[in-house]
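Each chain is listed here by its residues.
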Number of protein chains: 2
Amino acid sequence: MANKINAKYQEMAKISKALAHPTRMFIIDKLNEKEHCVCELTEMIGVDISTVSKHLSILKNAGIISAEKRSNMVYYNLQCSCVLNIFSCVLDVIQSNIDSTKEMIE
Amino acid sequence: MANKINAKYQEMAKISKALAHPTRMFIIDKLNEKEHCVCELTEMIGVDISTVSKHLSILKNAGIISAEKRSNMVYYNLQCSCVLNIFSCVLDVIQSNIDSTKEMIE
DNA sequence: TGCCTATTTGGCAAAACTGCCAAATAATGT
DNA sequence: ACATTATTTGGCAGTTTTGCCAAATAGGCA
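Residues numbered from 1 in each chain as written. Chains lettered and ligands numbered in written order. Predicted model: local features only at pLDDT ≥ 70, side-chain atom pairs only at ≥ 80, totals over all residues. Heavy atoms only, no water.

(A) Expanded view of the side chain of Ser96(A). The topology assignment puts Ser96(A) in helix 5 (residues 82-105). Of the residues examined, Ser96(A) reaches a relative accessible area of 14% and is grouped as buried. In this structure Ser96(A) touches Cys80(B) and Cys82(B), once residues within four positions along its chain are discounted. (Helix = DSSP H or I, 4+ residues; strand = E, 2+ residues; numbered from the N terminus. Buried < 20%, exposed > 50% of the residue type's maximum accessible area, 1.4 Å probe, protein only. Contact = heavy atoms within 4.5 Å.)

So this is what it looks like as structure tokens:
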């Protein structure tokens, strides 16, 4: 075990890994507007409900979203608005990439 | 193909995926201080140089870092400081998770 | 040219991730 | 208790990621 990467980076990668899927990015974007149950998200996304449930559990596990059971439905919310900052920072990086590409062409 | 997730989320996930590894998070943190060649990073990380090279190519491919060849070494730099914002946002999420856990215990 | 150092690439096996189906669990209403 | 609806869990096959080794590539220097 020669690897010297410490717990800090492990933890950071865990958060990033939780975001590293288009469906999960979509879910975060939707939960930003308002809470949603698994059913609603499944309808929007168009994959099997079990798949959506698993994506939600990954996000919950990373501490990014929280679940609240009401009646027989489970409503999900962003746990902390700070995730949205990551969201917009990622968009900044994408914009910066577009700018770099433009520069190269010109 | 019932999946309705669009290109925007694909692109965002791509960036996040590039960050989703402890070694790559470490590399970004180091490149923030100053540029480094593959050799130096390999020394710091403690894995095979080919592994480090592949991590670097993943980050480069995502437009997060840039490479400059000087003599027979390749020096890597952050392509855009905006990645650092993601970095600190991720740390915020971690801190928020810690706070939530604390609250739960009390 | 030949040698040395730095880096990248190809290939492979092990591990992790993804998405489906089926089954289990939970709450509600009959 | 039974049926219905919402959600989670287990399992499985297909795909992707990871990290090592070995080989290829590239630059500097004798």
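The discussion continues.
(B) Spatial organisation of the state of the cysteines. Counted according to the given criterion, the structure contains two disulfides over all chains. Between the sulfur atoms of Cys80(A) and its disulfide partner Cys82(A) the distance amounts to 2.1 Å. Negative torsions about the S-S bond denote left-handed disulfides, and the value of about 130 degrees found for Cys80(A) with Cys82(A) makes this one right-handed. Residue Cys80(A) shares its accessibility class with Cys82(A), and that shared class is buried. Unpaired in this structure, Cys89(A) has its nearest cysteine sulfur neighbour in Cys89(B), at a distance of 3.7 Å. Classification of Cys89(A) as buried rests on a relative accessible area of 7%. (Disulfide = S-S within 2.5 Å.)

(C) Here's a closer look at the interface of chain A and chain B. Every contact between the two is made by 45 residues of chain A and, on the other side, 45 residues of chain B. Taken together, both faces of the contact between chain A and chain B bury some 3,700 Å²; the carbon and sulfur share is 70%. Our enumeration of links across chain A and chain B arrives at two salt bridges. The partner of Asp29(B) in a salt bridge is Lys8(A), with the nearest N and O atoms 3.4 Å apart. The interface formed by chain A and chain B holds nine residue pairs in polar contact (both at pLDDT 80 or more) in total. Elements with a contribution of two residues or more to the side of chain A that touches chain B: helix 1 (7-19), helix 2 (22-33), helix 3 (38-45) and helix 5 of chain A. (Buried area = accessible area lost by both parts, 1.4 Å probe. Salt bridge = Lys/Arg side-chain N within 4 Å of Asp/Glu carboxyl O. Polar contact = N/O pair within 3.5 Å; in protein donor to acceptor, adjacent residues only side chain to side chain.)

(D) View of the sheet that holds strand 1 (residues 36-37) of chain A. All names here are of chain A. Reading across from one edge, 1-3-2 is the order of the three strands in this open sheet, with antiparallel pairing throughout. Looking at strand neighbours, the two that pair on one side only are strand 1 and strand 2 (65-70), the edges of this open sheet. Pairing analysis gives two bridges linking strand 1 to strand 3 (residues 73-78), with the strands arranged antiparallel. From the neighbouring strand, Cys37 faces strand 3, where its bridge partner is Tyr75. (Pairing = 2+ DSSP bridges.)

(E) Spotlight on the relation of the copies chain A and chain B. Of the transformation placing chain A onto chain B, the axial shift is 0.0 Å and the rotation is 180 degrees, giving an RMSD of 0.1 Å. Taken together, these values place the two copies in the relation of a two-fold axis. A symmetric contact is evident, with 100% of the interface residues of chain A recurring at the interface of chain B. (Least-squares fit on C-alpha atoms with pLDDT ≥ 70 in both.)

(F) Geometry of the protein's contact with DNA strand C. Taken together, the neighbourhood of DNA strand C is formed by 23 residues, with His55(A), Cys39(B), Ser53(B), Lys54(B) and Tyr76(B) sitting nearest. Measuring from a base oxygen of DNA strand C, one finds a side-chain N or O atom of Lys54(B) at 2.5 Å. Those elements giving two or more residues to the surface near DNA strand C turn out to be helix 4 (49-61) of chain A together with helix 3 (38-45), helix 4 (49-61) and strand 3 (73-78) of chain B. Of the residues belonging to the surface near DNA strand C, the class tally is eight nonpolar, nine polar and six charged. (Near = heavy atom within 4 Å. Nonpolar A, V, L, I, M, F, W, Y, C, P; charged D, E, K, R; others polar.)

By themselves, these figures tell us nothing about what the structure is for.
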